[in-house]
Amino acid sequence: MRNIITVITDMIFTRRCPGCGEPVDIFADSDICPSCLPGFRDISDKMFYVSDIRCLKAVYSFSGPARHGLHRFKFRGDGSAGIFFADRIAEMIRNEKYFDKNCVLVPIPGNIEKTDREYVQAVFLAKRIARKLHIGYVGDAMRKKKSVISQTKCRTLLARRENIANAFILNKRSASKLCGKKVIIIDDISTTGSTISSAARTLKKANPAEIYAACAARTPTHKDIGKKYIVRCPDNMKTLLVVAKGNSDS
Ligand SMILES: [Zn+2]
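Everything numeric in this text was worked out from a predicted model, so none of it was measured. (Residues numbered from 1 in each chain as written. Predicted model: local features only at pLDDT ≥ 70, side-chain atom pairs only at ≥ 80, totals over all residues.)

Trainee: Outline the overall build of the protein chain, supporting the account with residue identities and numerical values.
Mentor: A count of helices and strands for the protein chain gives seven helices and 10 strands. When the 250 residues of the protein chain are sorted by exposure, 41% land in the buried category. Partitioning the intrachain contacts of the protein chain with sequence separation of at least 6 by distance along the chain shows that 71% fall at a separation of at least 24. (Helix = DSSP H or I, 4+ residues; strand = E, 2+ residues; numbered from the N terminus. Buried ≥ 20, exposed ≤ 12 C-beta atoms within 10 Å, placed from the backbone. Contact = placed C-beta atoms within 7 Å.)

Trainee: I'd love a proper account of the pairing of strand β2 (residues 56–61), names of residues and values included.
Mentor: Most of β2 sits inside the fold, with six of its six residues counted as buried. Alignment of β2 against strand β8 (residues 210–218), held across five bridges, turns out to be parallel. Bridged to A58 within β8 is C215. (Pairing = 2+ DSSP bridges.)

Trainee: Pulling in residues and values, what's your account of the environment of E22?
Mentor: By the element assignment, E22 lies in the loop between α1 (4–12) and β1 (48–50). With 11 C-beta atoms packed within 10 Å, E22 lands in the exposed category. Through-space distance from the C-alpha of E22 to that of I32 is 9.6 Å; in sequence the pair is 10 residues apart.

Trainee: Just give me the short version of the packing of helix α3 (residues 79–94) against helix α4 (residues 121–133), but keep the residues and values in it.
Mentor: It is the contact of α3 with α4, at a shortest axis distance of 9 Å, that shows an interaxial angle of 50°. Classed by the angle they form, the pair α3 and α4 counts as oblique. α3 and α4 meet at a crossing whose hand is right-handed. Contacts between α3 and α4 involve G82, I83, F85, A86, D87, I89, A90, I93 and R94 from the former and Q121, F124, L125, R128, I129, K132 and L133 from the latter. (Axes fitted to C-alpha atoms, helices over the stretch in contact; angles between N-to-C directions. Parallel < 35°, antiparallel > 145°, perpendicular 65-115°, else oblique. Left-handed = near helix turned anticlockwise from the far one by under 90°.)

Trainee: How would you sum up the environment of C33? Please name residues and give values.
Mentor: Topologically, C33 is positioned in the loop between α1 and β1. A C-alpha to C-alpha distance of 8.2 Å links C33 and P23, two positions 10 residues apart in sequence. For C33, the residues in contact, after removing those within four places along its chain, are C17, G19, C20, E22 and V24.

Trainee: Any details on the packing of helix α5 (residues 157–164) against helix α7 (residues 194–203)? Residues and values, ideally.
Mentor: Interhelical geometry of α5 versus α7 gives an angle of 20° and a closest axis separation of 9 Å. Taken together, the axis directions place α5 and α7 in an arrangement best described as roughly parallel. Considering how the two elements wind past one another, α5 and α7 form a crossing that is right-handed. Contacts from R160, R161 and I164 of α5 reach α7 at S194, T195 and S198. Looking at the contact of α5 with α7 residue by residue, the classes come out as one nonpolar, three polar and two charged. (Nonpolar A, V, L, I, M, F, W, Y, C, P; charged D, E, K, R; others polar.)

Without other data, these values stay purely geometric and don't point to any function.
This is the structure in structure tokens:
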């Protein structure tokens, strides 16, 4: 049974399923409604090796109700879904071997021209995760160049990679806080990992000890296990993506 404070809080702020957005019974043990629960595919036991970072992990496969929830968070400003995903990412990071108080969270910056959304998802997530884990947060370590368009507007994988290569500029003053730290890059959804690789290349200039990444969801998840992708970016820098198999693929 959930504790009484949580139940009272839920009575004031109605619990909503992070998948379908419908109200959830306040006495239920799970935040997710019974019809969405089987569709949330947990992939937090898998590690994805993306160039320029130690490893990338995601909580869920970007499919089914997790996909619906992240779309509501991203495009309709559903903060309750955002809180759910932030808390799941925080739990995942807390269980990582590398996790300690030397970790600092850095969100992937949003597009400068963005006017249709009130907040940048990665910033929303990273701020809440930092509060939950009592670790540092540096929100302005880098910014996105004006010429970079939204990845969703790119039709092909190659176009996405070309768009995002060298997309970020280091803010030297803020980034100096990352020197010697374990930096964890936070994003809502990772597709090819090229955004995170590009961000990591930028953040390396601040001399962090290590760079990791954590996301709410990742796609694809199991179709590409064991595959290696070598991608050439416009600056001729190679990007290597290897997808590793986790403990379970059930
Ligand atoms: Zn639901």
